[in-house]
Amino acid sequence: MPMTTNWKNLQSCAVAVAMALTAATAVVPAGVLAQTPPPTVRGLPDFTDLVDQVGPSVVNIRTLEKAAERAGPNAMDEEMLEFFRRFGVPVPPNAQRQQRPQRPQQEEEQPRGVGSGFILTQDGYVMTNAHVVEGADEVIVTLTDKREFKAKIVGADKRTDVAVVKIEATGLPAVKVGDLNRLRVGEWVMAIGSPFGLENSVTAGIVSAKQRDTGDYLPFIQTDVAINPGNSGGPLINMRGEVVGINSQIYSRSGGFMGISFAIPMDEAIRVSDQLRATGRVTRGRIGVQIGQVTKDVAESIGLGKPQGALVSGVEAGSPADKAGVEAGDIITKFDGKTIEKTADLPRLVGNTKPGNKSTVTVFRRGSTKDLPITVAEIEPDDKPVASKGADKEGAKPKPSPAAQQLGLSLADLTDAQKKELKLKGGVRVNAATDAAARAGLREGDVILSIANIEVANLKDFEAALGKADKGKAINVLFRRGEWAQYALIRPAR
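Here is what the cut-offs are and how they apply
The numbering scheme is per chain: residues are counted from 1 as the chain's sequence reads. Reporting in this predicted model follows two pLDDT cut-offs: at least 70 for local features of residues, and 80 or more for side-chain atom pairs to be given and counted; totals over whole chains, interfaces and linings ignore these cut-offs and use all residues. The basis for every side-chain value is the complete set of non-hydrogen atoms in the structure, without hydrogens or water. Elements are defined by DSSP. Helices are runs of H or I of four residues or more, strands are runs of E of two residues or more, and each kind is numbered from the N terminus. Relative accessible area decides the class of each residue, using a 1.4 Å probe on protein chains only: under 20% of the type maximum gives buried, over 50% gives exposed, and in between gives partly exposed. By definition in these notes, contact holds between two residues if any of their heavy atoms fall within 4.5 Å. The method behind every accessible area is Shrake-Rupley, applied with a 1.4 Å probe, and residues are considered shielded solely by the protein chains displayed. pLDDT gives the predictor's per-residue confidence on a scale running from 0 to 100. In plain words, nonpolar cores are sets of buried Ala, Val, Leu, Ile, Met, Phe, Trp, Tyr and Cys residues tied together by side-chain atoms within 4.5 Å. The arc in question is formed by the directions pointing from the helix axis toward the C-beta atoms. When DSSP finds two or more bridges between a pair of strands, those strands are recorded as paired. Salt-bridge detection follows one rule: a side-chain nitrogen of Lys or Arg within 4 Å of a carboxyl oxygen of Asp or Glu. Counted as a polar contact is a pair of N or O atoms within 3.5 Å, where, for protein atoms, one must be capable of donating a hydrogen and the other of accepting one, and residues adjacent in sequence contribute only when both atoms are in side chains. Put simply, the grid is 1 Å and covers the protein atoms alone, a cavity is a trapped set of points that fit a 1.4 Å probe, a pocket is an open set with protein on both sides within 12 Å along at least five of seven lines, and lining residues have an atom within 4 Å of a point. Grid points are joined across faces, edges and corners, and a volume is the space filled by probe spheres set on the points. Side-chain classes follow a simple rule in which Ala, Val, Leu, Ile, Met, Phe, Trp, Tyr, Cys and Pro form the nonpolar group, Asp, Glu, Lys and Arg form the charged group, and the remainder, Gly included, forms the polar group.

1. Notes on the overall build of the protein chain
In step 1: Helix and strand counts for the protein chain come out as 13 helices and 29 strands.
In step 2: Counting across all 494 residues of the protein chain, residues that qualify as buried make up 44%.
In step 3: Partitioning the intrachain contacts of the protein chain with sequence separation of at least 6 by distance along the chain shows that 62% fall at a separation of at least 24.
In step 4: Summing over all exposed atoms, the protein chain offers an accessible surface of approximately 26,400 Å²; the carbon and sulfur share of this is 52%.

Next up, the structure:
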């Protein structure tokens, strides 16, 4: 009986609460409730269909090389050194590079390495990394149905780490190539490959960043997808089943995955593969400039506004840039109408331009913008940097300059011999730099080409330009050191 009484009491309470809620809702405007949508619940993605769809297009790549004579106990072959370099593992201090004999005593094929790849076309073109097939005497491609083919290396490009090999087969399951413009940071992606030789391994994660500069020729896609040695050359796949990148590198202090991996953007890889399939090599454009970064302070000081473009620190004699009239100290802001947001944009735009193409380079020079016509040349595979030459100290007679001394500078006019050697029309040589000038980074032997955006040919010009400068602000100085030019900001003591 008590239980029945309690149940009736509970029912009465429930009815009272419901009536109270109904009454409360009645006094709330309908628009308020409409503005509070129910929370959206999203589940984790299911990759099973993607694996079934793309998995057959992913291949395992094994490379073989002819056996060499046994080396010492501390010798390391090129493959192992490449492993250490690519995956951030410190090379043992007592390690020695294993030298191949010119006439090996044995000719047996020995395993060299393992990697991944994917089928690009139905008639047997396979894409992978250049470092996977580099130095291989034989390449074996294994499909998911366990068929094996000996592959021919069509071409490899070390600058982008892209390679194409060919197997004799038809009707193969080719991948679909995705649109990089649709790829968004934060979206899910998947990788399939052979980490540590474990074939058809699937890992997943998200896109961490796009256009990631790592010092290489290409801007990479950064992800947190687990990538390990052996995954190199495998595809990075979006949720639409399209390949958006080639897994190439990881950041690691141990040799294994640490949460950061990099993939080559597929649009760049396709551009390279088209050339490799057509000619077996990649041709790139060059204009012959040494470039540096434009800092925020320099951009504001010279009137550029925001830090953008590429600072020309040197121009190669006789190069397309030299013939076009590009000068050291120019800021290249556009190439063929495309804006140079950061320094790395310029070599990529120029490199993707066909040699012989007539282009336009836009430079910012002493407060104004100029468009210069330029004919792009072909990049040389083994460019050697031009040896730097210091300014001739002989004949540089210092002249006292009170204004320059306030900045901590002791200057001298360039002699005719120095102008000829340095290939300069004018400038003033720094004989000593102290105080504000030294703090700005100037030193003996530097040649000042302009100050406060005004070109100087001699000490007289320097004095006149300095007299017009606002001494209360940092003064920009364009100077040359050896073969290269750069900016410094001198902040006078107050």
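2. Regarding the confidence of the model for the protein chain
In step 1: When pLDDT is averaged along the protein chain, the result is 80; 75% of the residues meet or exceed 70.
In step 2: The low-confidence segment residues 382-397, where pLDDT is below 50, has 31 contacts with residues more than four positions distant or belonging to other chains.

3. Here's the deal with the nonpolar core
In step 1: If you look at the biggest cluster of nonpolar residues, it comprises 37 residues, and the most contacted ones within it are Phe118, Met127, Ile246 and Met266.
In step 2: Core analysis: the next-biggest nonpolar cluster, separate from the first, contains 23 residues, Ala404, Val430, Ile448 and Leu459 among them.

4. Some details on helix 13 (residues 459-468)
In step 1: Listed as buried for helix 13 are Leu459, Phe462, Ala465 and Leu466. Along the axis of helix 13, the buried residues cluster in a sector spanning 125°; they form a single face. Summarising the geometry of helix 13, the exposed residues directed more than 90 degrees from the buried face are Lys460, Gly467 and Lys468.

5. Focus: the pairing of strand 28 (residues 475-481)
In step 1: Of all seven residues making up strand 28, six are buried, and the element is well covered by its neighbours.
In step 2: As judged from the four bridges shared by strand 26 (residues 447-451) and strand 28, these two strands associate in the antiparallel manner. Paired with Ser450 across the two strands is Leu478, which belongs to strand 28.
In step 3: Taking the residues that link successive antiparallel strands as the turn, the strand 28-strand 29 (residues 484-490) hairpin has two residues, and the phi of Gly482 there is positive, at about 65°.

6. Things to note about the pattern of salt bridges
In step 1: Inspection of every chain in the model, using the stated rule, returns 18 salt bridges.
In step 2: We note a salt bridge from Glu134 to Lys158, for which the minimum N-O separation is 3.1 Å. Remark: Lys158 occurs in the loop between strand 7 (148-157) and strand 8 (162-166) and Glu134 occurs in the loop between helix 5 (130-133) and strand 6 (138-142); sequence separation between them is 24 residues.
In step 3: Judged by relative accessible area, Glu134 falls into the partly exposed class, the value being 37%.
In step 4: Across the salt bridge formed by Arg147 and Asp145, the nearest N and O atoms sit 2.9 Å from each other.
In step 5: Using a relative accessible area of 39% as the deciding quantity, one classes Arg147 as partly exposed.
In step 6: The exposure class assigned to Asp145 is partly exposed, which follows from its relative accessible area of 42%.
In step 7: Linked through salt bridges whose partners overlap, the residues forming this network are Glu327, Asp330, Arg365, Arg366 and Glu455.

7. Some remarks on the pairing of strand 15 (residues 261-265)
In step 1: In terms of burial, strand 15 is largely enclosed, as five of its five residues are buried.
In step 2: Note: strand 12 (residues 220-223) against strand 15, three bridges, orientation antiparallel. When the bridges of strand 15 are listed, Ile221 appears paired with Ala263.

8. Things to note about the side chain of Arg429
In step 1: In this structure, Arg429 sits in strand 25 (residues 428-433).
In step 2: Among the polar contacts listed, one links the side chain of Arg429 to the side chain of Asn431, at a separation of 2.6 Å.

9. A few points about empty space enclosed by the protein
In step 1: Tallied over the entire structure, the rule returns two cavities of 30 Å³ or more.
In step 2: Looking at the largest cavity, its volume works out to about 70 Å³.
In step 3: In terms of lining residues, the largest cavity is bounded by Val58, Val59, Asn60, Thr142, Leu143, Thr144, Lys146, Gly193, Ser194, Glu199 and Asn200.
In step 4: Looking at the lining of the largest cavity, the element that brings in the most residues is strand 1 (residues 58-66), giving three residues.
In step 5: For the lining of the largest cavity, the per-class residue count stands at three nonpolar, six polar and two charged.
In step 6: Within this model, the second largest cavity holds a volume of roughly 40 Å³.
In step 7: Along the walls of the second largest cavity sit Glu327, Ala328, Gly329, Asp330, Arg365, Arg366, Ser450, Leu478 and Tyr487, which together make up its complete lining.

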